[in-house]
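Single-letter residue listing:
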Amino acid sequence: MTDLRRQRVTALVALAVLSILAGDTQAKTSGRTKPNIILILADDLGYGDLGCCGQRLIKTPNIDKLAREGLRFTQAYAGGPVCTPSRCVLMTGLHNGPAPARDNVPHYHTYLQDKDVTVAEALKQAGYRCGGVGKWSLGDAGTVGRATHQGFDTWFGYLNQDHAHYYYPEYLDDDEGRLDLAGNRRSRRHYSHDLMAERALEFTRESRDGPFFLYAAFTLPHFSASKEDPGRFAVPSTAPYTHMGWNEKAKKYAAMVHRLDRAVGRIIDLVDEMGLTRQTLIIFTSDNGGHEGVWREFDTNGPLRGYKRHLTEGGIRVPFFARWSGIWRSRRIGCSAKTNCIANVGPRPVSSKAV
Ligand SMILES: [Ca+2]
């Protein structure tokens, strides 16, 4: 792949979404022309971790169903091989050259500034209610880079990149304040993913009159801080893999993927129960490739070479599915000049005019 081609292919989901919307604004969606948008971002989920992408040992029925019912992009690329730059590309529409946050090193003065325009700001101008949960990474509390200063009406989770390595944190960022999790000081009472999944569902219910944009940047199955778990995969239970003949670390990783899949299923089910199926575009992807510390038998990146942090396919090629039932028919979209809508998005800043 040439540099230019790769540059185009790595252009973000955010612009892809806006491009998709620009082409479909006339779509008939039960009287509304602006669909709700739910963008679910997994963290360090490899291309081979999903059943629909060849995974044999870990079951992901809900994500597989989403892939089956929607568009399946078989050659989609994240904007970077690690968390922060990938998310910066995703949120701003810039490629990694001019993007303000280009690595995971915490020099926060380079993170999002007032002049940066995020997809949330563009959608907010178009009348969307914007809410986010999970890992933000683009500006700490009290800085202009924080999510609630960059277009989100509400944010719950981790603003700080390193804070997100704790699945049993003592607090989570909650809009302009913090939710104190005192129960985690004495014991492991609050698993952060479960709280964030509940908040994502709550935001969806509250936004039923739409249009809304939910960015669910879940932290699973990213490794945890070693002080939380010696194998660095903190999870409340190894179910449903407890009785498998695998090592404990493998069981925990599989349980993390299971928990992520369950949350995706709950979000999809809620959308359908609320009667918003035809009015809601649901996208699922990952911020970068799988980690090389994952049990080899899982083959986390499938046939791709390399892992997270690498600029080979295993570091940046990610699962990408988009469901808009009743509007788009189910199909596979690979990397061709005619059909790859992600590849056709140019590396330019997001503009509110695009909506
Ligand atoms: Ca990541």
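Being a predicted model, the structure only gives us computed values, none of them experimental. (Residues numbered from 1 in each chain as written. Predicted model: local features only at pLDDT ≥ 70, side-chain atom pairs only at ≥ 80, totals over all residues.)

### Thoughts on the overall build of the protein chain
What counts, and what does not: Working definition: helices are DSSP H or I runs of at least four residues, strands are E runs of at least two. Numbering for both runs from the N terminus. Put plainly, a residue is buried at 20 or more neighbouring C-beta atoms within 10 Å of its own, exposed at 12 or fewer, and partly exposed in between, counting only other residues' C-beta atoms, which are placed from the backbone. Residues are defined as contacting one another if the C-beta atoms placed from their backbone atoms lie within 7 Å.
A count of helical and extended segments in the protein chain gives 9 helices and 10 strands. Counting across all 355 residues of the protein chain, residues that qualify as buried make up 53%. Within the protein chain, residue pairs in contact and separated by at least 24 positions form 66% of the contacts whose partners lie at least 6 positions apart.

### Topic: the pairing of strand S5 (residues 171-174)
Stated formally: Pairing between strands is defined by DSSP: at least two bridges between the two strands are required.
When strand S4 (residues 154-158) meets S5, the two strands line up antiparallel, connected through 2 bridges. The residue bridging Phe 156 from the neighbouring strand is Asp 174, located in S5. Of the strand pairs in this sheet, S5 and strand S6 (residues 177-180) are connected by 4 bridges, and their pairing is antiparallel. Following the sheet pairing, Asp 173 is matched in S6 by Arg 178. Counted along the chain from S5 to the antiparallel partner S6, the turn is 2 residues long, and its residue Asp 175 has a positive phi close to 55 degrees.

### Description of helix H4 (residues 83-92)
For H4, the buried fraction is high: 10 of the 10 residues fall into the buried class. When we look at burial in H4, the residues that qualify are Cys 83, Thr 84, Pro 85, Ser 86, Arg 87, Cys 88, Val 89, Leu 90, Met 91 and Thr 92. Phi for Gly 93, located one or two positions after H4, is positive at around 85 degrees.

### Examining the packing of helix H7 (residues 192-206) against helix H8 (residues 248-273)
The criterion, for reference: The axes used here are C-alpha line fits, helices contributing only the stretch in contact, and every angle between their N-to-C directions lies in the interval 0 to 180 degrees. Put simply, angles under 35 degrees are roughly parallel, angles over 145 are roughly antiparallel, angles from 65 to 115 are roughly perpendicular, and the rest are oblique. Here the nonpolar group is Ala, Val, Leu, Ile, Met, Phe, Trp, Tyr, Cys and Pro; Asp, Glu, Lys and Arg are the charged ones; every other residue, Gly included, is treated as polar.
Here H7 crosses H8 at 10 degrees, and the two axes come no closer than 10 Å. Between H7 and H8, the angle is such that the two are roughly parallel. In this structure, H7 uses His 193, Ala 197, Ala 200, Leu 201 and Thr 204 to contact H8, whose residues at the interface are Arg 259, Ala 263, Arg 266, Ile 267, Leu 270 and Val 271. Of the residues belonging to the contact of H7 with H8, the class tally is 7 nonpolar, 2 polar and 2 charged.

### Here's the deal with the confidence of the model for the protein chain
Defined as follows: Confidence scores per residue from the predictor, reported as pLDDT, run from 0 to 100.
Of all residues in the protein chain, 84% attain a pLDDT of 70 or more, and the chain-wide mean is 87. Every residue in residues 1-16 scores below 50 in pLDDT, and together they form 37 contacts with partners more than four places removed in sequence or on other chains. Across residues 337-355, where pLDDT falls below 50, the model places 51 contacts with residues more than four positions away in sequence or in other chains.

### Some details on the environment of Ser 286
For Ser 286, the location among the structural elements is in strand S8 (residues 280-286). Along the primary structure Ser 286 and Cys 83 are separated by 203 residues, whereas in three dimensions their C-alpha atoms are 9.7 Å apart.

### Remarks on unusual backbone geometry
Residue Pro 211 follows Gly 210 across a cis peptide bond; omega there is 0 degrees. Within the element layout of this structure, Pro 211 appears in the loop between H7 and strand S7 (212-217). The amide bond that connects Leu 220 to the next residue, Pro 221, takes the cis arrangement and shows omega of 0 degrees. Note on placement: Pro 221 falls in the loop between S7 and H8. One non-glycine residue with positive phi stands out, namely Ser 137, at about 75 degrees.

### Focus on the sheet that holds S7
Taken in spatial order, the 10 strands of this open sheet run S6-S5-S4-S3-S7-S1-S8-S9-S2-S10, and their pairing is mixed. Only two strands of the sheet have a single neighbouring strand rather than two, namely S6 and strand S10 (331-333). With strand direction ignored, the average angle separating the axes of adjacent strands in the sheet is 15 degrees. Judged from the 6 bridges that link them, strand S3 (residues 129-135) and S7 form a sheet pairing that is parallel. Bridged to Gly 134 within S7 is Ala 217. This element, helix H3 (residues 61-69), spans strand S2 (71-77), S8 and strand S9 (317-323) of the sheet and lies at about 65 degrees to S9.

### With respect to the pairing of S4
It is a general feature of regular strands that their side chains alternate between the two faces of the sheet. Counted residue by residue, S4 has 5 buried out of 5 residues, so it is predominantly covered. Relative to S4, S3 is paired through 5 bridges, and the arrangement is parallel. Bridged to Gly 134 within S4 is Gly 157.

### Description of the packing of H3 against H8
Between two packed helices, what matters for the description is the angle formed by their axes and the separation of those axes. Here H3 crosses H8 at 50 degrees, and the two axes come no closer than 7 Å. The pairing of H3 with H8 is recorded here as oblique in orientation. Residues Pro 61, Asn 62, Ile 63 and Leu 66 of H3 form the contact with H8, whose participating residues are Asp 261, Arg 262, Val 264, Gly 265 and Ile 268. Along the lines of polarity and charge, the residues of the contact of H3 with H8 split into 5 nonpolar, 2 polar and 2 charged.

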